[in-house]
Amino acid sequence: MSLYLPHFNLQNYNTLASPVCADFFVSVKDEAELMAALKFAKENNLPLLVLGGGSNIVLHDDFPGLAIHIQFMGKELVREDAEHVYIKAAAGENWSDFVDYCLDEQSWGLENLSLIPGNVGAAPIQNIGAYGVELKDVFSELTALEIKSGLSITFTAETCQFGYRDSVFKNALKDQFIITSVTFKLTKTPALKIHYPALRDALTNVSADKITPELVSQIVCDIRRSKLPDPKTIPNVGSFFKNPIVNTTTLAAIQQAFPNVVAYPVDENSVKLAAGWLIDRAGWKGFSQGAAVHEQQALVLTNPNRLRGSAVLEVAELIKASVLTKFGVELEQEPRNYP
Ligand code: FAD
Ligand code: NAP
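The structure presented is a predicted model; accordingly, all values stated were derived computationally and were not measured. (Residues numbered from 1 in each chain as written. Chains lettered and ligands numbered in written order. Predicted model: local features only at pLDDT ≥ 70, side-chain atom pairs only at ≥ 80, totals over all residues. Heavy atoms only, no water.)

Caption draft 1: Structural view of the site of ligand 2. Near ligand 2 lie 19 residues; those nearest to it are Arg165, Tyr196, Lys227, Lys272 and Gln297. The separation between an oxygen atom of ligand 2 and a polar side-chain atom of Tyr196 is 2.6 Å. Between Gln297 and ligand 2, the recorded distance is 2.5 Å, taken from a side-chain N or O atom to an oxygen atom. Within the complex, the protein chains bury 82% of what would otherwise be the 800 Å² of accessible surface of ligand 2. Among the secondary structure elements, those contributing two or more residues to the shell around ligand 2 are strand S8 (129–130), helix H5 (213–227) and strand S13 (236–239). A class-by-class count of the residues in the shell around ligand 2 yields eight nonpolar, six polar and five charged. Looking at which domains feed residues into the shell around ligand 2, each of domain 2 (75–227) and domain 3 (236–338) supplies at least three. (Near = heavy atom within 4 Å. Polar contact = N/O pair within 3.5 Å; in protein donor to acceptor, adjacent residues only side chain to side chain. Areas by Shrake-Rupley, 256 points an atom, 1.4 Å probe, with all protein chains shown as cover. Helix = DSSP H or I, 4+ residues; strand = E, 2+ residues; numbered from the N terminus. Nonpolar A, V, L, I, M, F, W, Y, C, P; charged D, E, K, R; others polar. Domains from an automatic or database assignment.)

The structure is reproduced here in structure tokens:
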């Protein structure tokens, strides 16, 4: 039986190390425990905070409800055909460990997504992405428990409505489902994606036949370790803002004043701006006021003093206002605020 811990400090359960308390906390390792937790919340009229690794949330104040830590574990090969393997992972599996497991199994496709913090169950929520690969590229299906009915439902890529750092679980079905497992469609033959400049540069002196998924994974890990603060030592939630997508008219206006603005084409009419570049050029790199802006990557806000998430949100608001004034671009926050 699960323990319902009252007045529980969540500092070790979010990578910003925000020291806020939930009215109750419970860890669940299977569907029966999850159903019991949902019943407890319903009977006591408690709002829910579904927790994976806590690496994409900002806990700015105490949470007046039940925090449910999803700890479903397990991985299995569910089927294979001539070209693909389908591997299912339970929601509580650590994402980075799962990537390493698939590489060990010689099941390819996750290498660019190496070392992203968090758990498998949260990965579809924002369709995690890095170095030109998104979860949707390797996704087969997922199962999720509907909170209202207790039914387990299967979602395809289509019904997940994946977008850029986005899915149906952040929109029409927000707070309605708890993901219990995800099945990935991986390849038996490597199909490497190494077009991102950082990867291309690191591989310039490597001959094509030596470029393997393991090497790509290793390079991604090396780059990430050199640029990103380890949340264990400097609390953070990775990129604090999404890269804004703007139309080409807005881009042209920005280019008048800032010819070097970093932009990548999305389609004929729109481009993706590098939010880190905008924040850096607005002069924020290295800023510190309770929370701070990371020296190596201005898109990452840090919480070195382990303050409540509200301290980080204060800095985020200053940055948003200044980027809007300087470039006329509205930044959208990536991690979700609670309560
Ligand atoms: P949590 O923070 O625990 O939860 C995130 C959201 O998902 C919350 O709303 C939560 O309620 C919900 N949720 C969690 N589990 C479930 C579930 N089982 N069912 C339903 N809802 C659930 N992201 C990228 O996309 N690419 C990157 O390269 C990347 N790099 C990062 C680097 C660092 C250093 C850090 C700290 C973060 C980075 N992130 C990146 C953000 C983050 O790691 C991902 O979004 C990750 O998927 C979050 O997983 P989590 O388990 O920590 O989710
Ligand atoms: P980077 O390599 O310095 O590039 C800056 C931005 O330019 C990235 O955000 C990336 O967009 C975009 N970009 C670069 N090359 C591109 C190309 N060929 N086509 C389209 N867009 C391109 O970025 P970084 O900050 O070091 O991060 C590297 C990767 O890890 C990125 O994919 C980033 O999203 C991911 N990451 C994500 C988080 C997070 O919390 N969400 C944290 C750290 C790193 P995209 O972001 O769209 O890829």
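Caption draft 2: Local environment of the packing of aromatic side chains. Inspection of the entire model under this criterion finds 19 aromatic pairs. The interplanar angle of 20° and the centroid separation of 4.1 Å between the aromatic rings of Tyr4 and Phe40 together place this pair among those described as stacked. Here Tyr4, found in the segment before strand S1 (5–9), pairs with Phe40, found in helix H1 (residues 31–43); they are 36 residues apart in sequence, far enough to count as distant. With a relative accessible area of 19%, Phe40 lands in the buried category. Ring geometry for Phe155 against Phe177: centres 5.0 Å apart, planes inclined by 85°, an arrangement best described as edge-to-face. Here Phe155, found in strand S11 (residues 152–156), pairs with Phe177, found in strand S12 (residues 177–187); they are 22 residues apart in sequence, far enough to count as distant. One aromatic cluster is present, built from ring pairs that chain together Trp95, Phe98, Tyr101 and Phe184. Sitting over the face of the ring of Tyr86, Arg79 holds its NZ or CZ atom 3.9 Å from the ring centroid. (Phe/Tyr/Trp six-rings, centres within 6.5 Å; stacked < 30°, edge-to-face > 60°. Buried < 20%, exposed > 50% of the residue type's maximum accessible area, 1.4 Å probe, protein only. Lys NZ or Arg CZ within 6 Å of the ring centre and 35° of its normal.)

Caption draft 3: The domain arrangement of the protein chain, seen in detail. Split by domain assignment, the protein chain resolves into domain 1 (5–70), domain 2 (75–227) and domain 3 (236–338). Each of domain 1 and domain 3 has a C-alpha centre, and these two points are 29 Å apart. Each partner contributes to the interface: domain 1 provides 17 residues, whereas domain 3 provides 17 residues. Across the domain 1 to domain 3 interface the summed buried area is about 1,500 Å²; carbon plus sulfur atoms make up 55%. Ranking the residues of domain 1 by area buried against domain 3 places Leu16, Val58 and His60 at the top, with a combined share of 42%. With its nearest N and O atoms 3.0 Å apart, the salt bridge here joins Asp62 to Arg308. Tallying contributions element by element places strand S4 (residues 57–59) first for the side of domain 1 that touches domain 3, with three residues. Partitioning the side of domain 1 that touches domain 3 into residue classes produces nine nonpolar, six polar and two charged. (Contact = heavy atoms within 4.5 Å. Buried area = accessible area lost by both parts, 1.4 Å probe. Salt bridge = Lys/Arg side-chain N within 4 Å of Asp/Glu carboxyl O.)

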